[in-house]
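Structure assessment
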Amino acid sequence: MEIYRNACPRNCFASCSMLSYVNNGEIIKVSGDPKHGFNQGRLCAKGYAFTQYVYNPYRLKYPIMQSPRGSGNWKRITWDKAYSIIIDKILELNVRYGSNLACGYNKFSGNLGLLHYAVEGMFNSFGPHTKPVGNPCLISGEQAIKSSFGQTVSLMPEKMVDANLIVIWGANPAVTNVHQMKFIFKARQKGAKLVVIDPIFTQTAAKADIYIQVNPGTDGLLAHAIAKILIDSSLYDQEFIDNQTTNWIEYRQYVSTEVNITEVSQETGVSIEGINELAHLYSLSKPCATWIGFGIQRNKNGRENISAINTLAALAGTLQKGKGGVYYAHNGLEDFPANLLNHQGPKHSNINTSREININKFAEEAIKLSEPPLKFLWIASRNPLSQDHDFKKWELLFHELELIVTVDLFMTRTAELSDIVLPATTHFEDPDLIISYWHQWLSYNEQAIPAYFESKSDLQIARDLTKKLNECSPNFSNFPHELEPIDWIEREITPSIKELYSLKSYKQLLDGPHLRNEEKHSEGSSSMNFHFVIPNKIASSSEASTNVIEDQDSNPFKLITPQSLLRIHSQYGTLSWLSSEKDEAIVELSEYAAEKYWISEGEKVEVYNQNGRIAATAKINRYLPKKVILVNQVGKNPINQVIVHEENSNIGKSSANFYDSSVNIRKWRD
């Protein structure tokens, strides 16, 4: 039996290093890598199920094409045939419009491996084209963090074990970041208190010492109220304020004149006693770990909320060395050259740059493009018709496109509406480098098994396609197709990366992951200056805070769609080890809502608004706020079809505001 070292590339905090056990060219088992300091030899349930994932009967084996689009009339084609159709369309559009702006891609975080930036590199190699920009998940928080600290800030998550107080705002690690829980438990074993602030009584909240149920979108108001108490009681760190902050006088004036504790209590739903208790804990408990979760930025107040929590952490003196810090996200990619992502394409005679579309409004903005319109779309590492929003705009966009190519491992909802679907490899079938947006470990991913049937990696597809493209039209692409995957990996291990990760060569990663040298390159916040951000008015959530459903309310429920333990959006939905036979949506509603709408446990109901509707099975949750409902994310019947993203006009681009949507419910009517 052979043992290989792999790393999970899925969109998850952990990016676990794992060992794969291969017998006669087939993976028979996977286990956690004990040399990885974050996952420490363990995997989540999804990780242990990878053997079933790799050899899943629903996995795509060959390139396929359907005609007409959406008919389900699929037929197997060769890779050469697929390349030929794609190349003919690219070249024809180039002749028709005089550029490649009619060609574009939509790709995000389905695979976090550095070599999967081959998609971006391939399109860059064509010269100016149409591409997405932004970040559906993190951009609001990143902007808020940089406004406060001037740069990205997040401590090593392993340091949380040293905290005496852990305050988690809008995150549920017991479900979405299970390996972090062991550091939290160790801290609690040493006497630390765990506080969870969340609209939902989550699995993490159930393990907390103190749970604060806050109305959705009002975390920032709560943080400013805590800050006001700290200031009025002179419980803030004067030395830090004097020496390492700016805009302090203005901020103090703001909370003095604009923050009313009684009003905040009413808006947030948090009692005055609860606000005082949080201020008391922040003032006395050091070190204090403040974890700013991604959940609180899923609304129009997201950036303001995170800025307010940053301010609270600074004011309470928890940013001083040894006294705690802020945990948000680690942007390890910034350390690397990311040669594929940043590959420079050829110049165009009169078009200087590629055409950019906000990824959070991709379909809406793509439909409006002209001179030229977008006609060819390549989709990789995404399933927008399950995980995105504003599906009606996507349907309109698909109607306007002349060719849609999707690269995936399974027949997703998006793939079903594509013209050509190309089978992708798993991370066991190609080498790669994996970093995390949470911890600071670098892992090498070995190729453990041959590619599954005719599947290929994004890099191999880019190499093949650009080579054939140049055979048809010399020098159309400047992608270096002759470079092997290992060549790209070696180019990422620059002298600065070697120093940062204490490496002489990537080959050392074959013996185990390496930790980023945190002492020399700290992302901790203790040595930084802090800027107090004066907020724009944080929108009221009065419709959630009143807890009264009026008959005239058309969509009285705030919709929240958290991730679940055994899936990431639509991924893993075909694995029987993880899923029940039913791929059904579950809507959780309060006892109050169930009684008002005469809905019983297990009853089939309809969740709807002006954007669409889904069928779901009712589950009554006695801990839910009256006007909040939860719906899980499933593949074929995605709740996202009722969600529309609306950006905050005051701050420009933001993360996708998934939790701003409101819906209604009723008994199902066939």
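Residues numbered from 1 in each chain as written. Predicted model: local features only at pLDDT ≥ 70, side-chain atom pairs only at ≥ 80, totals over all residues. Heavy atoms only, no water.

1. Overview of the sheet that holds strand β3 (residues 26-32)
Each strand in a sheet pairs with another by means of backbone hydrogen bonds, the pair being arranged parallel or else antiparallel. Pairing is antiparallel across the open sheet formed by three strands, whose spatial order is β1-β2-β3. Each edge of the open sheet carries a strand with a single partner, namely β1 (2-7) and β3. Between one strand axis and the next, the sheet turns by 30 degrees as a mean value, whatever way the strands run. Two strands pair when backbone bridges link them, and β1 and strand β2 (residues 17-23) are joined in this way by six bridges, in the antiparallel orientation. Note that in β2 the partner of N6 across the bridge is M18. (Pairing = 2+ DSSP bridges. Helix = DSSP H or I, 4+ residues; strand = E, 2+ residues; numbered from the N terminus. Axes fitted to C-alpha atoms, helices over the stretch in contact; angles between N-to-C directions.)

2. Here's the deal with the packing of aromatic side chains
Here a ring pair, both rings aromatic, is described through the centre-centre distance and the interplanar angle of the planes. Throughout the structure, instances matching the rule amount to 36 aromatic pairs. Taking the centre distance of 5.2 Å and the plane angle of 20 degrees together, the rings of Y251 and F532 count as stacked. Of this pair, Y251 sits in helix α11 (residues 248-258) while F532 sits in the loop between β21 (530-531) and α22 (542-545), and the two are 281 residues apart along the sequence. Of the two residues, Y251 and F532, neither departs from the other in class, the shared state being buried. Seen from the ring of Y21, K29 lies directly overhead, with NZ or CZ sitting 4.4 Å from the centre. (Phe/Tyr/Trp six-rings, centres within 6.5 Å; stacked < 30°, edge-to-face > 60°. Buried < 20%, exposed > 50% of the residue type's maximum accessible area, 1.4 Å probe, protein only. Lys NZ or Arg CZ within 6 Å of the ring centre and 35° of its normal.)

3. A look at the UniProt feature "domain: 4Fe-4S Mo/W bis-MGD-type" (unreviewed entry) in the chain
Following the UniProt record, the feature "domain: 4Fe-4S Mo/W bis-MGD-type" (unreviewed entry) maps to residues 1-58 here. A distance of 27 Å separates the end C-alpha atoms of residues 1-58, which is 16% helix and 34% strand. (UniProt positions renumbered as here; feature names shortened; annotations may be inferred.)

4. Some words on the domain arrangement of the chain
Here the chain is partitioned into domain 1 (2-55), domain 2 (139-331) and domain 3 (557-667). Buried area between domain 1 and domain 3, both sides added, is near 970 Å², and the carbon and sulfur share of it is 67%. If you sort the residues of domain 1 by the area they bury against domain 3, K46, Q52 and Y53 come out on top, with a joint share of 58%. The interface formed by domain 1 and domain 3 holds zero salt bridges in total. Linking domain 1 to domain 3 there are four residue pairs in polar contact (both at pLDDT 80 or more). Secondary structure elements with two or more residues in the side of domain 1 that touches domain 3: α1 (45-48) and α2 (50-54). Among the elements that take part in the side of domain 1 that touches domain 3, α2 stands out by supplying four residues, more than any other. Grouping the amino acids of the side of domain 1 that touches domain 3 by side-chain chemistry returns six nonpolar, three polar and two charged. (Domains from an automatic or database assignment. Buried area = accessible area lost by both parts, 1.4 Å probe. Salt bridge = Lys/Arg side-chain N within 4 Å of Asp/Glu carboxyl O. Polar contact = N/O pair within 3.5 Å; in protein donor to acceptor, adjacent residues only side chain to side chain. Nonpolar A, V, L, I, M, F, W, Y, C, P; charged D, E, K, R; others polar.)

5. Focus: the side chain of S418
Inspection of the secondary structure puts S418 in the loop between α18 (413-416) and β17 (420-423). For S418, a relative accessible area of 0% puts it in the buried group. When residues no more than four places from it in sequence are discounted, the contact partners of S418 are Q66, R69, W74, I404 and T406. (Contact = heavy atoms within 4.5 Å.)

6. With respect to the pairing of strand β19 (residues 441-445)
Burial analysis of β19 places five of its five residues in the buried class, the great majority of the element. Neither face of β19 is left uncovered, since the one carrying W441, S443 and N445 and the one carrying L442 and Y444 both have all their residues buried. Where strand β18 (residues 432-434) folds back onto β19 in an antiparallel hairpin, the turn is made up of six residues. Here β19 pairs with strand β20 (residues 514-515) via two bridges, running antiparallel. The partner of W441 across the bridge, within β20, is L515.

7. Some words on the environment of S370
Topologically, S370 is positioned in the loop between α15 (362-367) and β15 (376-380). Along the primary structure S370 and L101 are separated by 269 residues, whereas in three dimensions their C-alpha atoms are 9.6 Å apart.

8. Observations regarding the sheet that holds strand β27 (residues 662-667)
Ordered by their spatial adjacency, six strands build a closed barrel running β22-β26-β23-β25-β24-β27, and the pairing between neighbours is mixed. With strand direction ignored, the average angle separating the axes of adjacent strands in the sheet is 45 degrees. For strand β22 (residues 557-560) and strand β26 (residues 628-631), the ladder comprises three bridges, and the chain directions are parallel. Considered in β26, the bridge of K558 is made with V628.

9. Concerning the nonpolar core
Core analysis: the biggest nonpolar cluster contains 159 residues, and I86, W169, L222, I226, F376, W378 and L422 have the highest contact counts within it. In contact with I226, not counting residues within four places along its chain, are W169, I275, L278, A279, Y282 and L312. Grouped together as the second largest cluster of nonpolar side chains are 29 residues, A593, V605, V634 and I643 included. (Core = buried A, V, L, I, M, F, W, Y, C linked by side-chain atoms within 4.5 Å.)

10. Observations concerning the packing of helix α3 (residues 79-97) against helix α19 (residues 458-472)
Two elements in contact, α3 and α19, have axes separated by 10 Å at closest approach and are oriented at 60 degrees. As judged from the angle between their axes, α3 and α19 are oblique. As α3 packs across α19, the resulting crossing turns out to be right-handed. Listed contacts from α19 to W79, D80, Y83, I86, I87 and L91 of α3 are Q460, I461, D464, L465, K468, L469 and C472. Considered class by class, the residues forming the contact of α3 with α19 number nine nonpolar, one polar and three charged. (Parallel < 35°, antiparallel > 145°, perpendicular 65-115°, else oblique. Left-handed = near helix turned anticlockwise from the far one by under 90°.)

11. Section: helix α14 (residues 302-315)
Side chains that are three or four residues apart share a direction in an α-helix, a result of its 3.6 residues per turn. Under the 1.5 Å per step criterion, the end-to-end length of α14 is 20 Å for 14 residues, consistent within 8% with the ideal 20 Å. Burial analysis of α14 places 13 of its 14 residues in the buried class, the great majority of the element. (Expected span 1.5 Å × (residues − 1).)

12. Some details on the pattern of salt bridges
Counted by the stated rule, this structure contains 23 salt bridges. In this structure, R516 and D335 form a salt bridge, with 2.9 Å as the shortest nitrogen-oxygen distance. Residue R516 is located in the loop between β20 and β21, and its partner D335 is located in the loop between β13 (324-327) and β14 (355-358); the two are separated by 181 residues in the primary sequence. The partner of K456 in a salt bridge is D464, with the nearest N and O atoms 2.7 Å apart. Taking relative accessible area as the criterion, D464 reaches 18% and is therefore assigned buried. Beyond isolated ion pairs, a larger network of salt bridges with shared partners links K89, E92, R96 and E402.

13. Examining the packing of helix α9 (residues 219-232) against helix α13 (residues 272-284)
Helix packing for two helices is described by the angle between their axes and how far apart those axes are. One can describe the packing of α9 onto α13 by two numbers: an axis separation of 9 Å at closest approach and a directional angle of 65 degrees. In this structure, α9 crosses over α13, and the sense of that crossing is right-handed. Contacts between α9 and α13 pair L222, A225, I226, I229 and L230 from the former with I275, N276, L278, A279, Y282 and S283 from the latter. Here the contact of α9 with α13 is built from residues that sort into nine nonpolar, two polar and no charged.

14. Details of the confidence of the model for the chain
Averaged over every residue, the pLDDT of the chain is 92; residues scoring 70 or more account for 94%. The model gives residues 540-546 a pLDDT under 50, and that stretch makes 14 contacts with residues more than four places away or in other chains. (pLDDT = per-residue confidence, 0-100.)

15. So, the environment of S554
Note that S554 resides in the loop between α22 and β22. Along the sequence, S554 and H179 sit 375 residues apart, while their C-alpha atoms lie 41 Å from each other.

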